[in-house]
Amino acid sequence: MAPISGCSKLKGIGLQHFSLEYEGGKEMPVEKSNVVKGAYVDIPEGRLHYRTAGSGPALIINPPAGFGPVHFLDIIPLLAKSYTVMAIDMFGHGESDPPPEPSTIEDGTRILAHFLDAHNIDRTNVLAQHTGAGISVAFAARYPDRVIKMVLEGSPDWDEDVRAQLKQRTVG
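Residue numbers run consecutively from 1 along every chain, following the written order of its sequence. Under the rules for a predicted model, residues below a pLDDT of 70 receive no local features and side-chain atom pairs below 80 are neither given nor counted, while totals for whole chains, interfaces and linings still include all residues. As a convention, hydrogens and water are excluded, and side-chain values are obtained from all of the structure's heavy atoms.

(A) Expanded view of the packing of helix α2 (residues 105–118) against helix α3 (residues 131–142). Only the contacting stretch of a helix is used when fitting its axis, a line to C-alpha atoms as for every element, and angles between N-to-C directions run 0 to 180 degrees. A helix here means a DSSP run of H or I that spans at least four residues, while a strand means a run of E at least two residues long, and both kinds are numbered starting from the N terminus. Closest axis-to-axis distance for the α2/α3 pair is 8 Å, and the angle between their directions is 70 degrees. The orientation of α2 with respect to α3, classified from their angle, is roughly perpendicular. Contacts from I105, E106, G108, T109, L112, A113 and L116 in α2 reach T131, G134, I135, A138, F139 and R142 in α3. Here the contact of α2 with α3 is built from residues that sort into seven nonpolar, four polar and two charged. In these notes the angle categories are as follows: under 35 degrees is roughly parallel, over 145 is roughly antiparallel, 65 to 115 is roughly perpendicular, and the rest is oblique. Between two residues, a contact is recorded if the distance between any of their heavy atoms is within 4.5 Å. Amino acids outside the nonpolar list (Ala, Val, Leu, Ile, Met, Phe, Trp, Tyr, Cys, Pro) and the charged list (Asp, Glu, Lys, Arg) are all regarded as polar, and Gly is one of them.

(B) Layout of the sheet that holds strand β7 (residues 84–89). A strand pair is defined by DSSP finding two or more bridges across the two strands. Here we have six strands laid out as an open sheet, ordered β4-β5-β7-β6-β8-β9, and mixed in their pairing. Whereas interior strands pair on both sides, the edge strands pair on one side only; in this sheet they are β4 (37–43) and β9 (147–153). Sheet twist, expressed as the mean angle between neighbouring strand axes with direction ignored, is 25 degrees. α2 contacts β4, β5 (46–53), β6 (58–62), β7 and β8 (124–129) of the sheet and is inclined by roughly 105 degrees relative to β4. Each of β6, β8 and β9 touches α3; the most contacted strand, β9, lies at about 150 degrees to it.

(C) Main features of the pairing of β6. When a residue's accessible area, from a 1.4 Å probe over protein chains only, is under 20% of the maximum for its type it is buried; when over 50% it is exposed; and in between it is partly exposed. The element β6 is extensively covered by neighbouring structure, given that five of its five residues are classed as buried. Of the two faces of β6, the one lined by A58, I60 and N62 and the one lined by L59 and I61 are each fully buried. Sheet topology note: the β6/β7 ladder contains four bridges and is parallel. In the sheet register, L59 faces β7, and the bridge partner there is V85. For β6 and β8, the ladder comprises four bridges, and the chain directions are parallel. Its bridge partner being in β8, I61 is matched across the sheet by L127.

(D) Broad picture of the nonpolar core. In this description, a nonpolar core means a group of buried Ala, Val, Leu, Ile, Met, Phe, Trp, Tyr and Cys residues linked to one another through side-chain atoms lying within 4.5 Å. Grouped together as the largest cluster of nonpolar side chains are 21 residues, with contacts concentrated most on L48, I60, I88 and F115. Elements represented by at least two residues in this core include exactly β4, β5, β6, β7, α2 and α3. Residue contributions to this core peak at five residues, all from α2. Counting residues in each nonpolar core, the second largest holds eleven residues, with F72, L73, A80 and L127 among its members.

(E) Representation of the side chain of N125. Here N125 shows up in strand β8. Given the relative accessible area of 8%, N125 is considered buried. Within the structure, the side chain of N125 is placed 3.5 Å from the backbone nitrogen of K149, a separation counted as a polar contact. With residues up to four places along the chain from it excluded, the contact list for N125 reads P57, A58, L59, I60, Y83, I148 and K149. As used in this structure description, the phrase polar contact means that two N or O atoms lie within 3.5 Å; if the pair is within protein, one of them must be able to donate a hydrogen and the other to accept it, and residues adjacent in sequence are counted only when both atoms belong to side chains.

And the structure:
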């Protein structure tokens with residue numbers, strides 16, 4: 001993986017303290033605005049907890065099931081230098097409400113749309129992993145005008161029927 005913003009290694013990672021060591025040996029602390037904070041938002045399905053930092057274009061982090069945003073805490077301060085990062089605890093994870101019912105990928109797309117609507121975000125960048133990537137791909141297929149760019153890791157390998165449905169939604 002290429003270094004982020006020219007940094008060669010990371011050290012001092014934590015919620016309250018974070019610094020980068022650049023190739024020239026100079027350290028540059030992340031501004032206080034990049035400290036990760038917890039927040040809540042009420043949407044039709046219930047109350048979601050999320051972690052946020054930074055300012056700029058929206059970047060939604062959609063983590064894998066079972067992990068929540070804690071999985072991304074090390075990189076949120078880096079991303080917050082250029083984006084308003086919002087890392088979601090999906091229902092049943094972290095400090096969010098329990099899921100209103102057994103959840104499907106389609107439920108996840110609706111929840112993501114409601115989350116964006118609650119924050120008046122028309123378009124967003126997305127960073128997602130595993131289950132979060134599956135939800136994000138389905139979201140982009142259903143709402144192509146709401147996604148600027150996506151970075152996916154471990155996206156599901158859907159069968160032909162699901163791929164055809166997603167393609168149909170994107171085209172039609």
